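# Structure assessment
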Amino acid sequence: MKQPADIDNNKLTSEEKGILERIRRNTRELNLNNVTRTMAYFDFYQKHPEIHWAFLGHMVSRNGGWNMTDLKGDLLTRLLTKQERNAYFTFLERGNWLIFQDAYPQFLLYGESLKRNKPLFYLLPYLNISTFMETLWKYFWRKRDSYILTMALVINEQSYLEKRVIQNPIYQKDVLNTLEFKLQDYFSFNHILFPYRKKSLAGQTLHQFQSLHERIILGRRLYAVLFQKKELLNQFVEWAKAHRHTGSRKDYWPHIFNNVNEGIPGIPYQLRLNACKLKWGAKKIYSPDLTSAWKNVQHQEAEKGDWFHHWQVADYLSELNETQINGEIEYEYCKTLERLELASLAKKVITIFD
């Protein structure tokens, strides 16, 4: 990234300063919580469908919201302590907030460039955006290659998170190391779900969250699931239009989840699912809306600094072999829910007899 000496606001025209101020203000206004961020991505994609990452970011951010509300839902409240759940929410929320305040200003600057019919990407350093993205946006302006831009944004956002969240000693201690075995064994944290049609799910599973390489490869695979087939893409988009993001898993499976708690306090958990269907007479699994589960968070300013130092990361821009991508995930996800139920039941029994 350009050094502070090179980023001199006095070199800017009043028009350029106005553009930057509007972008900062609009980003702040929409960076309130997971719901506002997630919808902002989709609203932008509907206006600019050539920016594929905006839809990918929208669908992945929905999963972030579902993971957040799981921490206040029926199952994880039995498996994790309040301290663990709060620490894990803080981890998820910080990552979600950081990505938005980095990605969304890029989209707004692209919109401003379109209005003026000239590229304004030389202003990206003033928004603390990596020089890597300045180069790739300029390339996109010339070539209109949506795939290359999407991969660049995947690389950028995951690299941006690496030191600020994944390698942050606090999150390492309180979340990644403490909960790792629980997350790997039981929690649907590692499933990224893309709903479509009425109750269908596609997606991918991440097995090594702490690996930057694995997260970038996952981003490429998720992009392929969403965009490799036009007919399927249309179904994902239509589902997103029809189901406003609330953070509750009821959004995609209302036959299993409810944002109203049907359970009776003090009654031990009983198994409710059989092959991803509710047993006869069973109550739905509680999955609250995000805004009722968690208050908005006041974040500290994002850490400064450019992650980009070596052009080797450009290797990730190459095309994936799309024939290898299989988006089937329903069976695996159903098994995860069953394991989660069993773990919740066992934890409850253990607590009763402690």
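Reference entry: report on the structure contained in this document. All of these numbers come straight from a predicted model, not from anything done at the bench. Within each chain, residue numbers correspond to sequence positions counted from 1 in written order. Local features in a predicted model are, by the rule used here, given only for residues with pLDDT of at least 70; side-chain atom pairs are given and counted only at 80 or more, and totals for whole chains, interfaces and linings are based on all residues. The basis for every side-chain value is the complete set of heavy atoms in the structure, and neither hydrogens nor water enter the calculation.

Positive phi outside glycine occurs at N117, with the angle close to 55°. Secondary structure elements follow DSSP: runs of H or I of four or more residues count as helices, runs of E of two or more count as strands, with numbering from the N terminus. Within the secondary structure, N117 sits in the loop between α5 (82-116) and α6 (131-143). Look at R197: it is not a glycine, yet its phi comes out positive at around 50°. Structurally, the position occupied by R197 is in the loop between β1 (191-196) and β2 (200-205).

Okay, helix α2 (residues 34-47) next. In this analysis, the expected span of each helix is defined as 1.5 Å times one less than the number of residues it contains. The end-to-end C-alpha distance of α2, which contains 14 residues, comes to 20 Å, matching closely the 20 Å that a straight helix rising 1.5 Å per residue would cover. Summarising burial for α2: ten of the 14 residues are buried, a large majority. Throughout, exposure labels follow a simple rule: accessible area from a 1.4 Å probe, protein chains only, divided by the maximum for the residue type, with under 20% read as buried, over 50% as exposed, and the rest as partly exposed. Among all positions in α2, only N34, V35, R37, T38, M39, A40, Y41, F42, F44 and Y45 are buried. Buried residues belonging to α2 abut α1 (14-30), α3 (52-70), α5, α9 (212-227), α10 (230-242) and α11 (290-293). Working rule for contacts: check all heavy atoms of both residues, and any pair within 4.5 Å makes them a contact.

Let's shift gears to empty space enclosed by the protein. Sizing a probe to match a water molecule and rolling it over the atoms shows the empty space that remains. Here the term cavity refers to a set of points on a 1 Å grid, laid over the protein atoms alone, in which a 1.4 Å probe fits but cannot get out; the term pocket refers to an open set having protein on both sides within 12 Å along at least five of seven lines, with lining residues being those that place an atom within 4 Å of a point. Grid points are joined across faces, edges and corners, and a volume is the space filled by probe spheres set on the points. Applying the stated rule across the entire model yields five cavities of 30 Å³ or more. Looking at the largest cavity, it is lined by 31 residues, and the ones nearest its centre are V60, I99, Q158, L161 and F209. Among the elements of the structure, α3, α5, α7 (146-166) and α9 are those that each provide at least two residues to the lining of the largest cavity. Here the element with the most residues in the lining of the largest cavity is α3; it accounts for nine residues. Under the convention adopted here, Pro, Cys and the residues Ala, Val, Leu, Ile, Met, Phe, Trp and Tyr are nonpolar, Asp, Glu, Lys and Arg are charged, and Gly plus all remaining residues are polar. Looking at the lining of the largest cavity, its residues break down into 18 nonpolar, eleven polar and two charged.

Further remarks concern the pairing of β2. With six of six residues buried, β2 lies mostly within the body of the structure. Both faces of β2 are covered, namely the face carrying S200, A202 and Q204 and the face carrying L201, G203 and T205. In textbook terms, the turn of a hairpin is the stretch between consecutive antiparallel strands, and for β1 and β2 this stretch comprises three residues, one of which, R197, has a positive phi near 50°. Strand pairing is defined by DSSP finding a minimum of two bridges between the two strands.

To form a nonpolar core, buried Ala, Val, Leu, Ile, Met, Phe, Trp, Tyr and Cys residues must be joined to one another through side-chain atoms within 4.5 Å. By size, the foremost hydrophobic cluster in this structure holds 110 residues, and its most contacted members are F55, F107, W137 and W253. Broken down by element, the residue count for this core peaks at 15 residues, all from α5. Discounting residues that sit within four places of it in the chain, W137 has contacts with I51, Q106, F107, Y110, F121, L124 and L149.

Let us look at the pattern of salt bridges. Salt bridge criterion: a side-chain nitrogen from Lys or Arg within 4 Å of a carboxyl oxygen from Asp or Glu. By the definition in use, this model includes 15 salt bridges. A salt bridge links E15 to R116; the shortest N-O distance between them is 3.0 Å. With a gap of 101 residues between them, E15 in helix α1 and R116 in helix α5 connect regions that are remote in the sequence. Residue classification places R116 among the partly exposed residues on the basis of a relative accessible area of 25%. Residues D74 and R272 are paired through a salt bridge, measuring 2.9 Å at the closest nitrogen-oxygen approach. Residue D74 is located in the loop between α3 and α4 (76-79), and its partner R272 is located in the loop between β3 (257-258) and β4 (273-274); the two are separated by 198 residues in the primary sequence. Residue classification places R272 among the buried residues on the basis of a relative accessible area of 10%. In this structure, a network of salt bridges that share partners links the residues E15, R22, E112, K115 and R116.

Function-wise, these values are silent; they only describe arrangement.
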